[in-house]
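Structural overview
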Amino acid sequence: MRAIQVARPGGPEVLELVELERPAATPGHVVVRVEAAGVNYIDTYQRSGLYAMDLPFVPGKEGAGQIVEVGEGVEDFVEGEGVAWAFTQGSYAEYIRVPVTDLYRVPEDVELDMAAAALLQGLTAHYLVTSSHPVMPGETVLVHAAAGGVGLLLTQLAVARGATVIGTVGSEQKERIAMQAGVSHVLRYDLMADVARDLPAAVRAIVPEGVEVVYDGVGRTTFDASLASLKRRGAMVLFGAASGPVEPVDPQRLNAAGSVVLSRPTLGDFTADAEEREWRASDIFHGILLGDLSVRIDHGYSLDEAAEAHRALESRRTSGKLLLHP
């Protein structure tokens, strides 16, 4: 089968198209023919060496496709069924072996491309608004990169829970996309001379006391501004590092910011059991089916264009999801 492999850490150029042996089903696993693989920031972290990986490896942890082989002991899934996954390494390939503990059944009326585009970022947005800081009616929340894959879904889920969303974006085009998703106030950090100074001032011009929560997947370039935008006893939820990791934080800064709370959650801890996984995925897929949740696919690439997809993601010029089609 064809697959993308990383033999050494580096830039997008290290993503190499190779021929590998197709995996076989093993107990508790199925083999899936990949229809679409999601491209995510964690893929770039692994490729660059920011997250250490055993070499060589096939990138990609998310995708959707059809089951072609079922392993011993698998009872709840059958050949030909459409499924998606969010945590199985090796999705940049024509076939992948997936444990049943990471399989999500895709409803027949949901296209596999849509399932691949929605699952990981949808699960992330879901746990952020329901569990990391449960959004309540009447709250004002700040969502960074509001026109990005997670940001668009996060905005829709927060608005559905009765919140007002302030969203940051980096271009006029992304401003329009964020507004379509339900953002009430868009702040253009690309127009700011000093984000750490200007962004909190812009937030407080809208809501003088500050926001109840900031959802920050950008990291280094927005962290200081996020902290300064919170109201007293607000919550700072740092869930990613698109601009790089945040420097170590003195806990006294949380005191000085108004007894605020800082958390650094990860999706795995919010999908730790089958019941929770089913709840979150069901909410996402049903939202798509009912038309309550709109998933934006920015661009689809062929497998041999993986490097181009990574460049597009890291440039932060995308709005929505990037997919690879083996």
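The structure under discussion appears in the preceding block.
Quick caveat: nothing in here was measured; it's all calculated off a predicted structure. (Residues numbered from 1 in each chain as written. Predicted model: local features only at pLDDT ≥ 70, side-chain atom pairs only at ≥ 80, totals over all residues. Heavy atoms only, no water.)

Within the open sheet, the six strands sit side by side as S10-S9-S8-S11-S12-S13. Their pairing is parallel. Only two strands of the sheet have a single neighbouring strand rather than two, namely strand S10 (185–188) and strand S13 (261–263). On average, adjacent strands in this sheet sit at an angle of 15 degrees to one another, irrespective of strand direction. The strands touched by helix H3 (residues 149–160) within the sheet are strand S8 (140–143), strand S9 (164–169) and strand S11 (211–216), with S8 carrying the most contacts at an inclination of about 175 degrees. Across the face of the sheet, helix H4 (residues 172–181) comes into contact with S9 and S10 while running at roughly 160 degrees to S10. (Pairing = 2+ DSSP bridges. Helix = DSSP H or I, 4+ residues; strand = E, 2+ residues; numbered from the N terminus. Axes fitted to C-alpha atoms, helices over the stretch in contact; angles between N-to-C directions. Contact = heavy atoms within 4.5 Å.)

On to the nonpolar core, then. Among the nonpolar cores identified, the biggest contains 51 residues, and Leu119, Leu128, Val141, Tyr215 and Phe285 are the most heavily contacted of them. Counting only elements with at least two residues in this core, the list comes to helix H2 (112–132), S8, H3, S9, H4, S11, strand S12 (230–238) and helix H8 (274–290). Considering every element that reaches this core, the biggest residue donor is H2, with eleven residues. Look past the residues within four positions of Leu128 in its chain and what remains in contact with it is His133, Val150, Leu154, Tyr215, Val237, Phe239 and Pro265. Membership of the second largest hydrophobic core comes to 35 residues, among which are Leu15, Val31, Val58 and Val74. (Core = buried A, V, L, I, M, F, W, Y, C linked by side-chain atoms within 4.5 Å. Buried < 20%, exposed > 50% of the residue type's maximum accessible area, 1.4 Å probe, protein only.)

A few words on the pairing of S8. The alternating pattern of S8 places Thr140 and Leu142 and Val141 and Val143 on opposite faces, both of which are buried. When S8 meets S9, the two strands line up parallel, connected through four bridges. In the strand pairing of S9, Thr140 is matched with Thr164. Handedness of the crossover joining S8 and S9 through H3: right-handed. Note that S8 and S11 share three bridges and pair parallel. Bridging across to S11, Val141 finds its partner in Val213. (Right-handed = clockwise from strand over helix to strand, strands pointing away.)

Bringing the packing of aromatic side chains into the picture now. Across all of its chains, the model carries three aromatic pairs by this definition. Considering the side-chain rings of Tyr127 and Phe270, the 4.5 Å spacing of their centres and the 10 degrees angle between planes classify their relative orientation as stacked. Of this pair, Tyr127 sits in helix H2 while Phe270 sits in the loop between S13 and H8; the two residues are 143 residues apart in sequence, bridging distant segments of the chain. Judged by its relative accessible area of 2%, Tyr127 falls in the buried class. Lying over the aromatic face of Tyr95, Arg22 brings its terminal NZ or CZ to 4.6 Å of the ring centre. A cation over an aromatic ring shows up here: Arg105 above the ring of Phe77, its NZ or CZ 4.5 Å from the ring centre. (Phe/Tyr/Trp six-rings, centres within 6.5 Å; stacked < 30°, edge-to-face > 60°. Lys NZ or Arg CZ within 6 Å of the ring centre and 35° of its normal.)

Across the interface, H3 lies against H4 with an axial gap of 9 Å and an inter-helix angle of 30 degrees. If you check the angle between H3 and H4, you find them roughly parallel. Crossing of H3 over H4 shows right-handed handedness. Across from Leu152, Thr155 and Gln156 in H3, the residues of H4 making contact are Ile177, Ala178 and Ala181. Broken down by class, the residue content of the contact of H3 with H4 amounts to four nonpolar, two polar and no charged. (Parallel < 35°, antiparallel > 145°, perpendicular 65-115°, else oblique. Left-handed = near helix turned anticlockwise from the far one by under 90°. Nonpolar A, V, L, I, M, F, W, Y, C, P; charged D, E, K, R; others polar.)

Mapped onto the secondary structure, Glu276 falls in helix H8. Within the structure, the side chain of Glu276 is placed 2.7 Å from the side chain of Arg280, a separation counted as a polar contact. (Polar contact = N/O pair within 3.5 Å; in protein donor to acceptor, adjacent residues only side chain to side chain.)

Time to look at the packing of H2 against H8. At their nearest, the axes of H2 and H8 sit 9 Å apart, and the two run at 120 degrees to each other. In terms of orientation, H2 and H8 fall into the oblique class. When the axes of H2 and H8 are compared, the crossing they make is right-handed. In this structure, H2 contributes Met114, Ala115, Ala118, Leu119, Gly122, Leu123, His126, Tyr127, Thr130 and Ser131 to the contact, and H8 contributes Trp279, Arg280, Ala281, Asp283, Ile284, Phe285 and Ile288.

This part covers the pattern of salt bridges. All chains considered together, the criterion is met by 13 salt bridges. For Lys321, the salt bridge goes to Glu62, with nearest N and O atoms at 2.8 Å. Of the two residues, Lys321 sits in strand S15 (residues 321–325) while Glu62 sits in the loop between helix H1 (41–48) and strand S4 (63–70), which places them 259 residues apart along the sequence. Across the pair, Glu62 and Lys321 agree in class, each one buried. In this structure, the salt-bridge partner of Arg188 is Asp190, at a minimum N-O distance of 2.9 Å. Arg188 gets classed as buried once you look at its relative accessible area, which sits at 18%. Overall, the relative accessible area of 37% leaves Asp190 in the partly exposed class. (Salt bridge = Lys/Arg side-chain N within 4 Å of Asp/Glu carboxyl O.)

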